[in-house]
Amino acid sequence: MDLILVTMIDGLVTGLLLFMLSSGLTLIFSMMGVLNFAHASFYMLGAYFAYQISRYIGFWPALFIAPVLVGLVGAAVERYGLRRVHKYGHVAELIFTFGLALLIEEVVQFVWGKGHVEYNAPESLQFALFSIADYEIAAYKIFMIAVAAAIFIALLLILTRTRVGMVIQAALTHPDTVEALGHNVPLVFMGVFGVGSALAGVAGVIAGPVLGTFPGMAVVLGSIVFVTIVVGGLGSLWGALVASLLIGWLTTFAASYNIGMADLLGALGIEPPADLSESLLRDIWTLSLPQVGPILPYLLMVLVLVFRPYGLFGNRDA
Amino acid sequence: MRSFMRQAAFAAFAGLAAGAATAADNVRIAFIDPLSGPFASTGTNGLHQFEFAAEKLVNEKGGVLGGRKFEIVPFDNKISPKESLIQLQVAIDQGIRYIVQGNSSGVANALTEAIEKHNKRNPDKRVLFLNYSAVDPALTNDKCNFWHFRFDANADIKMDALTDVIKQNDAIKKVYVIGQDYSFGKAVAAAAQRFLAEKRPDIEIVGNELHPIGKVKDFTPYARKIIASGADAVITGNWGADMLGLGKAIIEAGFKGPIYTYYAAADGITAAFGESGKGILRLVSEGQLNPPPSDRVVEYARAFKEKYPDGNLSQTRIANVIEMLARAIEQAGSAEDVVAVGKALEGMEHDSLWGGKLFMRPQDHQLIQDVHILVHTNEGVTFDFDNSGYGLVVESTVKMASMDAPTTCKMKRP
Amino acid sequence: MTSLSNTDRSVAGRGALGAAGPWILAALLLGVLPMLFGSPSSVTIMNQMAITIVFALSYNMLLGQAGMLSFGHAVYMGLGGFFAMHVLNWIEEYELTLPLPFLPLIAGLFAMLMAALIGLFSTRRAGTVFAMISLGVGELVAACSVIIVAFFGGEEGVSGDRTVAPFLGMEFLHPEDVYYLIAFWLLLSALGMYLFSLTPLGRMANAVRDNPERAEFLGYSARWVRYGSFVASGFFAGVAGGLFAINYEILTEENLNLATSGMILLVTFLGGTGYFVGPVVGAVVFTLLQSVLSLQTEIWQLYVGILFVATVMFFPQGLAGLIAMHGPAMRAGRLGSLAGPYARVLIPGAIGAAGVAALFEMFHHLRTAAPGDEAMTLFWITFDTHSAAPWIAAAAAAAGGLFLAARGAPAMRAAWDEANRIAQGGAK
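About the cut-offs
- Residues numbered from 1 in each chain as written.
- Chains lettered and ligands numbered in written order.
- Predicted model: local features only at pLDDT ≥ 70, side-chain atom pairs only at ≥ 80, totals over all residues.
- Heavy atoms only, no water.
- UniProt positions renumbered as here; feature names shortened; annotations may be inferred.
- Helix = DSSP H or I, 4+ residues; strand = E, 2+ residues; numbered from the N terminus.
- Rg over C-alpha atoms; globule rule 2.2 N^0.38 Å.
- Buried < 20%, exposed > 50% of the residue type's maximum accessible area, 1.4 Å probe, protein only.
- Contact = heavy atoms within 4.5 Å.
- Areas by Shrake-Rupley, 256 points an atom, 1.4 Å probe, with all protein chains shown as cover.
- Phe/Tyr/Trp six-rings, centres within 6.5 Å; stacked < 30°, edge-to-face > 60°.
- Pairing = 2+ DSSP bridges.
- Axes fitted to C-alpha atoms, helices over the stretch in contact; angles between N-to-C directions.
- Core = buried A, V, L, I, M, F, W, Y, C linked by side-chain atoms within 4.5 Å.
- Salt bridge = Lys/Arg side-chain N within 4 Å of Asp/Glu carboxyl O.
- Buried area = accessible area lost by both parts, 1.4 Å probe.
- Polar contact = N/O pair within 3.5 Å; in protein donor to acceptor, adjacent residues only side chain to side chain.
- Nonpolar A, V, L, I, M, F, W, Y, C, P; charged D, E, K, R; others polar.
- pLDDT = per-residue confidence, 0-100.

An unreviewed UniProt entry lists chain C under the name Branched-chain amino acid transport system permease protein, with Oceanicella actignis as the source organism. Of chain C, the UniProt comment under Subcellular location (unreviewed entry) reads exactly: "Cell membrane".

The next point concerns the overall build of chain C. Helices and strands together make up the secondary structure of chain C, namely 17 helices and four strands. In summary, chain C has a C-alpha radius of gyration of 24 Å against a globular reference of 22 Å for 428 residues, a match within 12%. When its C-alpha atoms are laid out on the principal axes, chain C stretches across 70 × 65 × 45 Å. Relative to its 428 residues, chain C shows a buried fraction of 56%. For chain C, restricting intrachain contacts to residue pairs at least 6 apart in sequence, the fraction spanning at least 24 positions comes to 77%. Total accessible area on chain C is roughly 17,500 Å²; 70% of this is exposed by carbon and sulfur atoms.

Here we take up the packing of aromatic side chains. Residues and elements named next belong to chain B. Evaluation of the coordinates by the stated rule reveals 50 aromatic pairs over all chains. Measuring from ring centre to ring centre gives 6.0 Å for Phe184 and Tyr263, while their planes differ by 50°; the resulting arrangement is tilted. Taken as a pair, Phe184 in helix H6 (residues 183-199) and Tyr263 in the loop between strand E9 (259-261) and helix H9 (269-273) lie far apart in primary sequence, 79 residues in all. The class of Tyr263 is partly exposed, set by a relative accessible area of 22%.

Glancing now at the sheet that holds strand E15 (residues 391-398) of chain B. Residues and elements named next belong to chain B. Strand order in this open sheet of seven strands is E7-E6-E8-E9-E10-E14-E15, and the pairing throughout is mixed. Lying at the two open borders of the sheet, with one neighbouring strand each, are strand E7 (204-211) and E15. Going from strand to strand, the sheet's axes swing by 25° on average, the running direction of each strand aside. Sheet topology note: the strand E8 (residues 233-236)/E9 ladder contains three bridges and is parallel. Residue pairing across strands places Thr236 opposite Thr261, the latter belonging to E9.

Right, let's get into the nonpolar core. Grouped together as the largest cluster of nonpolar side chains are 340 residues, with contacts concentrated most on B:Phe70, B:Tyr98 and B:Ile322. Sorting elements by how many residues they give to this core places helix H1 (residues 2-32) of chain A first, with 16 residues. Not counting chain neighbours up to four residues away, the residues in contact with B:Phe70 comprise B:Val27, B:Ile29, B:Ala54, B:Val58, B:Asn59, B:Val64, B:Ile322, B:Leu325, B:Ala326 and B:Ile329. With 32 residues, the next largest nonpolar core counts B:Ala161, B:Ala191, B:Phe195 and B:Ala233 among its residues.

All right, on to the pattern of salt bridges then. In the structure shown here, the tally under the stated rule is 26 salt bridges over all chains. Linking B:Arg121 and C:Glu249 is a salt bridge whose minimum nitrogen-to-oxygen distance equals 2.9 Å. With B:Arg121 in helix H4 (residues 105-121) and C:Glu249 in the loop between helix H10 (222-248) and strand E2 (250-251), this residue pair bridges two chains. The same class applies to B:Arg121 as to C:Glu249, namely buried. In this structure, B:Arg413 engages B:Glu346 in a salt bridge whose closest nitrogen and oxygen atoms are separated by 2.7 Å. Taken as a pair, B:Arg413 in the segment after E15 and B:Glu346 in the loop between helix H12 (338-345) and strand E11 (349-351) lie far apart in primary sequence, 67 residues in all. For B:Arg413, a relative accessible area of 40% puts it in the partly exposed group. Judged by relative accessible area, which is 14%, B:Glu346 ranks as buried. Put simply, B:Lys117, B:Arg121, C:Asp161, C:Arg162 and C:Glu249 are held in one network by salt bridges that share partners.

On the chain A side, the residues contacting the 34 residues of chain B number 30 residues. Together chain B and chain A conceal approximately 2,800 Å² of surface at their shared face, both sides included; 56% is due to carbon and sulfur atoms. Counting the surface chain B buries against chain A, the share from its top three residues, B:Lys217, B:Arg224 and B:Glu252, is 26%. For the interface between chain B and chain A, the tally reads one salt bridge. As a salt-bridge pair, A:Asp10 and B:Arg224 come within 2.7 Å of each other at their nearest N and O atoms. Counting every contact that joins chain B to chain A gives five residue pairs in polar contact (both at pLDDT 80 or more). Per-element tally for the side of chain B that touches chain A: the top contributor is helix H7 (residues 220-228) of chain B, with seven residues. Here the side of chain B that touches chain A is composed, by residue class, of 16 nonpolar, eight polar and 10 charged.

All names here are of chain B. Where burial is concerned, most of strand E2 (residues 70-76) is hidden: six out of the seven residues are buried. With seven bridges connecting them, strand E1 (residues 27-33) and E2 associate as parallel partners. Across the sheet, the residue bridging to Ile29 is Ile72, located in E2.

With that out of the way, let us pick up the interface of chain A and chain C. On the chain C side, the residues contacting the 46 residues of chain A number 42 residues. Of the roughly 4,000 Å² buried between chain A and chain C, counting both surfaces, carbon and sulfur atoms make up 78%. Considering only the surface of chain A that becomes buried against chain C, A:Tyr88, A:Ile95 and A:Phe110 emerge as the three largest contributors, covering 18% of it. Seen at the junction of chain A and chain C, the total is zero salt bridges. Of all the secondary-structure elements, those providing two or more residues to the side of chain A that touches chain C are helix H3 (59-85), helix H4 (90-112), helix H9 (217-232), helix H12 (282-285) and helix H14 (296-307) of chain A.

A separate point is the confidence of the model for chain C. Residue and element names in this part refer to chain C. Overall, the predicted model of chain C reaches an average pLDDT of 83, with 92% of residues at or above 70. This stretch, residues 1-13, has a pLDDT under 50; its non-local contacts, to residues over four places away or in other chains, come to 22 contacts. Reported confidence for the predicted complex is 0.82 by ipTM and 0.84 by pTM.

See below:
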């Protein structure tokens, strides 16, 4: 029981982290119709910028400065890169962001080296806040949850209570009408792209100390973020939230419980063959849940796409 | 004309590196390891150690065979088996007779098979494979061949030594084994089970699991399970980001017992653990830096740090590779007759720079040496890693580990 | 969309001999190459190139001809290769007689079977849904490769010995022997893929790519047209996998994973998706970059990344598109008029690029080289990276070169427009 509660908290941290990335990505997709492959690269830039800044003036200023810088980089990418490629069609845009992801990884390696950098949580948050039974919950985890929740609320307020938010919301469903009403859609695009990147940057700043800051960090998270917004339904903010939490809990619970495939098949009444050594499927029998945990989201995505191509909450064709 | 065309073609295709075209009588050694991509820092650090060892241990002492120098020729394999085979061909074409490689048993496996086939098909251009770091036991068991020599203690030997130490620690009653889901991770888990059952049948293995390699973002759930199991010690063969992620999560979840690892040091990992891993992280490895076993080590390590301030002397066996190869070449009287050099290496006994004896076991070409259990700390550290003040200090030593361990190798000699 | 329709004007208006001409030329070239570049390592690189060409061509059947963006194409090459490796081992184990040259066919058929199964659900939709399913399937199969050891051999992969299947007395001991086998299959599969693009199904793939709705109204099921292209493409990817198995005698996880799938996307796009020869150009250039440039510089991937992004931004038709752009002008004999303006842009541009590369290399050297090792050799000049002079020189070359190139660009564009205007006028 304690373990379930603790796993819920751990899964919530992972899920909210995913949400910080997927919310920006899904907003960008809804506005511009482009899946940004480089989105996780902005997450990585956030971590590296924060690392660099925190070496001079500490973690707390970095928490605010780094995302702004990432947002500016994102806006510049939109203005000078994506907008240029836009006229060649969506496939070209997708390929552009794919190339950009490769390039950003190379640039990060070029500037900061190929190994891990020493980016740690601030001293003031390095303690165990409370324990549930024997399980310590680090203060930094609660801090991550707080930041993510604050961002979610802020995002919700901006989208529903401000004029800019209204324009964005309108553009989600009726992009042509918004343009016809005379709004400066390219500027909104640039802004949304910048803000989306900045959100990814925030995620990088706070996740870097926990998940490690190294040139491969974008790749590890990158495709999962896609999976999240595809499962949630492209363009749906609520879908992104639900899918993020779902995937966060799915992977965390899968890693926490050692359920073997043999038990599962046994429960279904299927017995293993007597001689395992010759069977082509022998490895299936020794599989356990933690072994396949991290690839479950991909399975989920394929299933969702096959049976419901709009995703769980989507209403537009991808 | 034809030979000119061939040479021109060769220069165009194989793209001779600017510095590679040097005196023909150097003994050239091809270093095939990742120099770009995610594992480049490990590869580059290994290259520096080879270059330094060749310079310091051979060339400054007048070279081999009356003045021939060692020259390390780097080839970037991008840690891909396919690229390794291409670079192997390029190296052989350049007339190189010695191949060194270490990162990834998958690559080592591809190379040893390719070299065996090459040597069979081209008896006039045979090469030797000096494996300095790939520790999959199969390479000196079922997959052994005459051309492959391993200078690191393999995964089984390390586990043998590690369990010798655990045997004497009565505080350890429960052990958790966790590793990456591939051949090496499985080999570590199997060896841990076998040796623990043999040496300490009272120890309970409370967890034995594998996780996908390089795919886990957050190791917290695994750490929770380890805490929940009530384990006194953790054994893991993880490396790279998986090692750092797992170790950090376990420590953060409040684990206080020893975490026995194979690869939790250098390449940024020591610095990233820092204070949090102090006294908790253990490493099983050959070679001793702290406390320095001799003045020679102090001098060698100082000179290395002077030349590469950002480098780590993390793969001490590299010095053994160079010293033993130099001796074998002297003994064989030729650097080109690799069969003679291979035969000289077989059964060679050597006093290691790092203290202790080395013995190249002829049955399987596995180097037998002292294996240490090292602890991650900042006390008594003369030579740290990552310039972090933290380093590895020898805690206990198993002399000539697994000297008599059986092997399934059936060596076929030319 | 700019020109994505080369196949439409390929055969029309030319005789059979004219159509066969390029193929005969290609066959001759493939036959002569090993005599020019005879060293085993050049042959090894050429083998790699040929395999990449087949793989890239099969990828372009999806991306270029059917407009399907796949992030998991390596799966089919890998599955075919793994199966071929197993067949090779069965030949040895059960002493079967199957000559080596037939192995790629078996690999292709197996990959085709797999593509036929996966395509059933992945090709139902085009666009992002297809791309995402291909990504998911790619991840799943790559993950399976370390889990299902019986078929994929885990991390160390599956290996075999190609000499167990001799053909007409040939044992395929050396890379040169294998070269001719691969060259034969390269030609055969390239021809096959070319002819496929001329079949009704191949033509319909173009139609479905450009306007699926209209294709449906014409009575074609867009889904089954995509399925057909997907399965055919899977077959040729499998052939590439079979060739890989023969050449390297080992298949590993690397052959299936996303990095390989991403690499082939990069190769194909670099070469140009709108032209049949595009992937060929891309594969040749990329293999050379990978094998030769990586010996010269540690940061070669940075250059490849820049090249790729620049290609997407400035020449989305790829290298082949860049060459083909000059077709009309050449036919009109106006290519000469371009030489001057081109030289005024390209020469300073090259100097500028070299300057930028020099800055990168010097920065990299400064960061990674051992202290005391201050000398560096670049473009055959050795200098000291800790002194200011080389930095100033490189920065000046970069800034000056790029400035002059940018200034010459409008003139170049005008000259090109002019040449084409006349060319088109002349053609009428």
